[in-house]
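Chain by chain, the residues run as shown.
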Amino acid sequence: MSPSFLSNENGSITKPYSDFDKVIAQIQALKNTGLDSIEIILKGGTYILTKPIILDTSIVSHNDSLKIIFRPENPLDTPIISGGQRVTDFFRTGKYYVANVGNKRFRQIYRNDSALVRAGYPDKCNYLKLNWDYTNKRAMTNLLPFDDLVNKENPVELIVQRLWSCHILRIKDVSTDGQNTYFTFLNKDNATFTIWPIKNINNESFRLENSLAFLDENNEWYLNTENDELYLKSYNEGKDKIIIPVIDSLLVIWGAKDKPINNIIIRGIRFCYTNWFLDTSETYIANQANINLTLPTQPSLAAVIVKNAKNMQIDNCMFEHLGYNGIEFNTNVTSSSISGNVLRDIAGDGIIIDWTLSESNSGLPHCSFISVDNNLITNIGTDCPSSVGIFVGYANNISIEHNALFDLPYTGISVGYGWSNKTTTIFNNKIDNNYINNAMALMSDGGGIYTLSNQPGTEIKNNFLENINNSRWSNPDFKAVGIYLDEGSTGINVTGNSFLNVGDIMKENMAPDNDINKSLNNYNRMNSSSDMTYGLTEDYKQNYQYYQKVPCYNEDVLIPQKKH
């Protein structure tokens, strides 16, 4: 394949396809011809999608022997699969640059391969504080320096950290009494008062977004959905490349429960620019791990989604600038691996293993025998800060080893679901030799490594956890913990882990019958990490170059709340 169109293209080296639809048709035609493998070789450049690439049982054989491999022609020339669209034709109007984007709706944009900031107050990386009035279903904060925060068609959003949960609440009305500002919310968003179980917590951190009045910094943007116009504070014509995401997923591999898709290998590809937009008909009340409490089942929104498959490999790829999640092994994925990838600048979770969140008695098949190793995960949860680096639901025999995770607003690695000591499909999971630095940098009540529910045979071994403490934006009564065994966690062996600058090393909350006492002597507050074998192994250490420090989360200065 080539991103450049050639006349009479036929899929050969000299006249490669430029259209994934033609490649899919070729796979479909060849799937039952007795071949051992089909290779889709991608030349360097950017492949711009207008819809996801879909591989399902009508296209891909469930023959155990046929391999389908997507790889670059030259490993040094990474092909890019993009869900983005470039915006041009900006014009100056007053103090802003404006472009019409038609009916496109999005929550992220990018300039010259870097994320810009959605216009908000206070400026990014700082927060205000609010209290709750459950009787009148409203929130209260100090008096704000804005006279009008009400827009019925394009509501201003209040994005609040509720301990381990992120709620996006669209403002319906604003009032003041001369000392305080009061918010009420769209009817659907009042779910924050009814389904959130912790009602007596105040002084929670929040930020306002989505008003032209907030657009005051050169790295900010605002979308006016009433007239389809994108506003920038600064724009350099001829030099600035502005990209907006237009599709939610890039690659969907979707087998059937009784006919799982087999042997697909995705190698050496960069996936970028996926979308997620919350319209006024939806509600976002996210629990830990970016799980929306208002939805009966979780949405499948990720750059790459796999369901009902086995012998899958995703290795040496890059996932960045994503509007929701990175890699999602949704349901019934077995004997597979996610290895050596870089995941960064992602609005939601990095890697998800088993997203059904249904117990074993539901009859749904779950994920099992999956290796997640040598992945570098950084700067996730950029829009949904209750997201985690690696999440595992009702899965078993999952090996999470030698990963490096940096700058996480909430938990680094989360394994298990259900808050229960019942026997389910969670067991025999390994969380070994990982490096986690600056987890829990924003939220409350989580850990560098976090578990839930009965999972016999699970081990947490030889991990190095560094810089895990409550931030000034969290609630100090709900701790940031190095290793946190939460409700129902049972049958887990914890041994040989080391810590540096971690305030609360370990917490057990209604977590009986774990093999912890034998390992307590191995807990070390390390002065040096030079003797540790943790994080990326030698073959993958070059990927550390893709980590860039994100200085936002633990800012020391609280923005003063101005008065009129």
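The rules we used
- Residues numbered from 1 in each chain as written.
- Predicted model: local features only at pLDDT ≥ 70, side-chain atom pairs only at ≥ 80, totals over all residues.
- Heavy atoms only, no water.
- Helix = DSSP H or I, 4+ residues; strand = E, 2+ residues; numbered from the N terminus.
- Rg over C-alpha atoms; globule rule 2.2 N^0.38 Å.
- Buried < 20%, exposed > 50% of the residue type's maximum accessible area, 1.4 Å probe, protein only.
- Contact = heavy atoms within 4.5 Å.
- Areas by Shrake-Rupley, 256 points an atom, 1.4 Å probe, with all protein chains shown as cover.
- Phe/Tyr/Trp six-rings, centres within 6.5 Å; stacked < 30°, edge-to-face > 60°.
- Lys NZ or Arg CZ within 6 Å of the ring centre and 35° of its normal.
- Salt bridge = Lys/Arg side-chain N within 4 Å of Asp/Glu carboxyl O.
- Polar contact = N/O pair within 3.5 Å; in protein donor to acceptor, adjacent residues only side chain to side chain.
- Arc of directions from axis to C-beta.

Looking only at helices and strands, the protein chain features two helices and 51 strands. A compact globule built from 564 residues should have a C-alpha radius of gyration of about 24 Å, and the protein chain, at 24 Å, falls within 12% of that. A principal-axis box enclosing the C-alpha atoms of the protein chain has dimensions of 75 × 65 × 45 Å. Within the protein chain, the fraction of its 564 residues that count as buried is 59%. The long-range fraction of contacts in the protein chain, counting pairs at least 24 apart against all pairs at least 6 apart in sequence, stands at 77%. For the protein chain, the computed accessible surface area is about 22100 Å², with 45% contributed by carbon and sulfur atoms.

Turning our eyes to something else, we now look at the packing of aromatic side chains. All told, the structure shown has 31 aromatic pairs when counted by the stated rule. Here Phe 146 and Phe 214 contribute two aromatic rings whose centre-to-centre distance is 5.1 Å and whose plane-to-plane angle is 75°, an arrangement assigned as edge-to-face. Of this pair, Phe 146 sits in the loop between strand 14 (138-142) and strand 15 (157-162) while Phe 214 is found in the loop between strand 18 (204-209) and strand 19 (220-224), placing the two residues 68 residues apart along the sequence. Using a relative accessible area of 1% as the deciding quantity, one classes Phe 214 as buried. Their ring planes at 65° and their centres at 5.0 Å tell us that Tyr 417 and Trp 419 sit as a pair that is edge-to-face. The exposure class assigned to Tyr 417 is buried, which follows from its relative accessible area of 10%. For Trp 419, a relative accessible area of 30% corresponds to the partly exposed category. Joined through ring pairs, the aromatic side chains of Phe 406, Tyr 435, Phe 464, Tyr 534, Tyr 544 and Tyr 547 make up one cluster. Directly above the ring of Trp 132 sits Arg 162, whose terminal nitrogen or CZ lies 3.9 Å from the centroid. Sitting above the plane of the Trp 473 ring, Arg 472 keeps its charged end 5.3 Å from the centroid.

With respect to the helices and strands, Thr 283 occurs in the loop between strand 25 (270-272) and strand 26 (284-287). Judged by its relative accessible area of 9%, Thr 283 falls in the buried class. When neighbours within four sequence positions are excluded, Thr 283 is seen to be in contact with Arg 170, Lys 188, Asp 189, Leu 278, Asn 292 and Thr 294.

If you trace the backbone, Asp 216 turns up in the loop between strand 18 and strand 19. Classification of Asp 216 by relative accessible area gives partly exposed; the value is 44%. Considered as a pair, Asp 216 and Asn 200 are 16 residues apart in the sequence and their alpha carbons are 35 Å apart. When neighbours within four sequence positions are excluded, Asp 216 is seen to be in contact with Asp 123 and Lys 233.

Another aspect to go through is the pattern of salt bridges. Enumeration according to the criterion identifies 21 salt bridges in this entry. A salt bridge links Arg 138 to Asp 133; the shortest N-O distance between them is 3.0 Å. For Arg 138, a relative accessible area of 26% corresponds to the partly exposed category. Where Arg 170 meets Asp 189, a salt bridge forms, and the shortest distance between an N and an O atom there is 2.7 Å. With Arg 170 in strand 16 (residues 165-176) and Asp 189 in the loop between strand 17 (180-185) and helix 2 (191-194), the pair connects residues that are 19 residues apart, well separated along the chain. Residue classification places Arg 170 among the buried residues on the basis of a relative accessible area of 2%.

The next thing to look at is the environment of His 321. Relative to the helices and strands, His 321 is located in strand 31 (residues 318-322). His 321 gets classed as buried once you look at its relative accessible area, which sits at 4%. A C-alpha to C-alpha distance of 27 Å links His 321 and Tyr 534, two positions 213 residues apart in sequence. Each residue touching His 321, except ones within four places of it in the same chain, is listed here: Tyr 110, Asp 113, Arg 270, Cys 272, Tyr 273, Thr 274, Arg 344 and Asp 345. A polar contact is formed between the side chain of His 321 and the side chain of Asp 345, at a distance of 2.6 Å.

A word on helix 1 (residues 20-30). Burial in helix 1 covers these residues: Phe 20, Val 23, Ile 24 and Ile 27. Viewed end-on, helix 1 has its buried residues packed into an arc of 100°, placing them on one side of the element. In this structure, the buried residues of helix 1 make contact with strand 1 (37-42), strand 2 (45-48), strand 3 (53-56), strand 4 (67-72) and strand 5 (79-82). Backbone nitrogen of Asp 21 and a side-chain oxygen of the N-cap are separated by 2.8 Å at the start of helix 1; the cap is Asp 19.

Take the environment of Gln 161 next. Mapping Gln 161 onto the fold places it in strand 15. Between the C-alpha atom of Gln 161 and that of Leu 442, which follows or precedes it by 281 residues, the distance is 8.5 Å. With near-sequence residues (within four places) excluded, Gln 161 lies in contact with Tyr 127, Glu 204, Ser 205, Leu 442, Met 443 and Trp 473.

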